[in-house]
Amino acid sequence: MRALAISAIAGAMILSGCQTTGNNIGGFEYDKTALGAVIGAAAGYGVSKGTNNTSSQNNRAAAIGAIVGGAAGLYLDNKEKKLRQQMAGTGVEVNRNPDGSVGLIMPGNITFDTNKSNIKPNFYSTLDKVAQVLAEDNKSGILVTGYTDNTGNDSINIPLSQARAQAVASYIESRGVSASRVNVKGMGSANPIASNSTAAGREQNRRVEISVYAIQ
């Protein structure tokens, strides 16, 4: 039974394709698509086994989970590649989040004026490019999250971060991204990515992030 499950995982990894992504864990190169297949297979097998199904049902669940995981990984790899191409030279950082979603970090200095939630006019063209990629299909869910530095308090920072995230979300929706796919959250000064003890660090923390999740 264990051997069959491993075969399902390996088979899905082969089916998912072997793209070179330059990612490294513990000194080993890995492919996020193949990793998605492994995670999907493990999840499928674990859920099935947890419900006391037969060995054949467990193996089938592993195989299905591997294929779904591999397809999601490939989909996100393609989105990441397109977004990197579109965001080159814009000041927006594109990366892969720990949960596997594709992340875009939009610094506050190019998106909003201080203490304002109106998008800077010169940032519209960048958001147009983001929306173009996201509107290609309806296979992803999108989370737009706003952040501030730690200046002030939550009564100011959380509504401001929410308003900024909503402004970005509303704009990409106006450019063809379905509102049903988009969630918005204002986090205030939570989850800083730099030290708030310096002006440069606070500037980095004032940002809007977009996370793209596969929902195939």
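A brief look at the structure comes next.

1. Section: the packing of aromatic side chains
Then, number 1: For the structure shown, the criterion picks out one aromatic pair.
Then, number 2: Ring centres 5.0 Å apart and planes at 10 degrees place the aromatic pair Tyr124 and Tyr171 in the stacked group. On the criterion of sequence distance, the pair formed by Tyr124 in helix α5 (residues 124-134) and Tyr171 in helix α6 (residues 154-174) is long-range, its members being 47 residues apart.
Then, number 3: What makes Tyr124 partly exposed here is its relative accessible area of 33%.
Then, number 4: By relative accessible area, Tyr171 is classed as buried at 12%.
Then, number 5: Sitting over the face of the ring of Tyr147, Arg207 holds its NZ or CZ atom 3.9 Å from the ring centroid.

2. Things to note about the environment of Gly141
Then, number 1: Position of Gly141 relative to the elements: it lies in strand β5 (residues 140-147).
Then, number 2: On the basis of relative accessibility, which here comes to 15%, the residue Gly141 falls in the buried class.
Then, number 3: When the C-alpha atoms of Gly141 and Tyr213 are compared, they prove to be 5.0 Å apart, with 72 residues separating the residues in sequence.

3. Here's the deal with the nonpolar core
Then, number 1: Membership of the largest hydrophobic core comes to 30 residues, with the highest contact counts inside it found for Leu104, Met106, Leu127, Val144 and Ile210.
Then, number 2: Residue assignment for this core shows that the elements contributing at least two residues are α3 (55-87), β4 (102-107), α5, β5, α6 and β7 (207-214).
Then, number 3: Tallying contributions element by element places α6 first for this core, with six residues.

4. Regarding the pattern of salt bridges
A side chain of one charge can pair with a side chain of the opposite charge if their charged atoms are brought near each other.
Then, number 1: Taken as a whole, this structure holds ten salt bridges when the rule is applied.
Then, number 2: Ionic pairing is found between Lys79 and Glu136, a salt bridge with its closest N-O pair at 3.1 Å. In this pair, Lys79 sits in helix α3 while Glu136 sits in the loop between α5 and β5, placing the two residues 57 residues apart along the sequence.
Then, number 3: For Glu136, a relative accessible area of 44% translates into the label partly exposed.
Then, number 4: For Glu80, the salt bridge goes to Arg96, with nearest N and O atoms at 2.8 Å. Separated by 16 residues along the polypeptide, Glu80 in helix α3 and Arg96 in strand β3 (residues 93-96) bring together distant segments of the chain.
Then, number 5: Accessibility expressed as a relative area gives 8% for Glu80, which makes it buried.

5. Observations regarding unusual backbone geometry
Then, number 1: Of note in the backbone geometry, Asn115 takes a positive phi value of approximately 65 degrees without being a glycine.
Then, number 2: With respect to the secondary-structure elements, Asn115 resides in the loop between α4 (108-111) and α5.
Then, number 3: Residue classification places Asn115 among the exposed residues on the basis of a relative accessible area of 62%.
Then, number 4: Backbone geometry at Asn191 places phi at a positive 55 degrees, although glycine is not the residue there.
Then, number 5: Inspection of the secondary structure puts Asn191 in the loop between β6 (182-186) and α7 (199-205).

6. Comments concerning the sheet that holds β6
Then, number 1: In spatial order, the strands read β3-β4-β7-β5-β6; together these five strands make up an open sheet with mixed pairing. One side of each edge strand has no neighbouring strand; the edge strands of this open sheet are β3 and β6. Between one strand axis and the next, the sheet turns through 20 degrees on average, direction left out of account.
Then, number 2: Against the sheet, α5 touches β4, β5 and β7, its axis set at about 165 degrees to β4.
Then, number 3: Across the sheet, α6 touches β5, β6 and β7, and the angle it forms with β6 is around 160 degrees.

7. So, the pairing of β6
Then, number 1: Here β5 pairs with β6 via five bridges, running parallel. By the bridge assignment, Val144 is partnered in β6 with Val184.
Then, number 2: Where the polypeptide runs from β5 across α6 and back to β6, its parallel neighbour, the crossover connection is right-handed.

Parameters and conventions
Residues numbered from 1 in each chain as written. Predicted model: local features only at pLDDT ≥ 70, side-chain atom pairs only at ≥ 80, totals over all residues. Heavy atoms only, no water. Phe/Tyr/Trp six-rings, centres within 6.5 Å; stacked < 30°, edge-to-face > 60°. Helix = DSSP H or I, 4+ residues; strand = E, 2+ residues; numbered from the N terminus. Buried < 20%, exposed > 50% of the residue type's maximum accessible area, 1.4 Å probe, protein only. Lys NZ or Arg CZ within 6 Å of the ring centre and 35° of its normal. Core = buried A, V, L, I, M, F, W, Y, C linked by side-chain atoms within 4.5 Å. Salt bridge = Lys/Arg side-chain N within 4 Å of Asp/Glu carboxyl O. Pairing = 2+ DSSP bridges. Axes fitted to C-alpha atoms, helices over the stretch in contact; angles between N-to-C directions. Contact = heavy atoms within 4.5 Å. Right-handed = clockwise from strand over helix to strand, strands pointing away.

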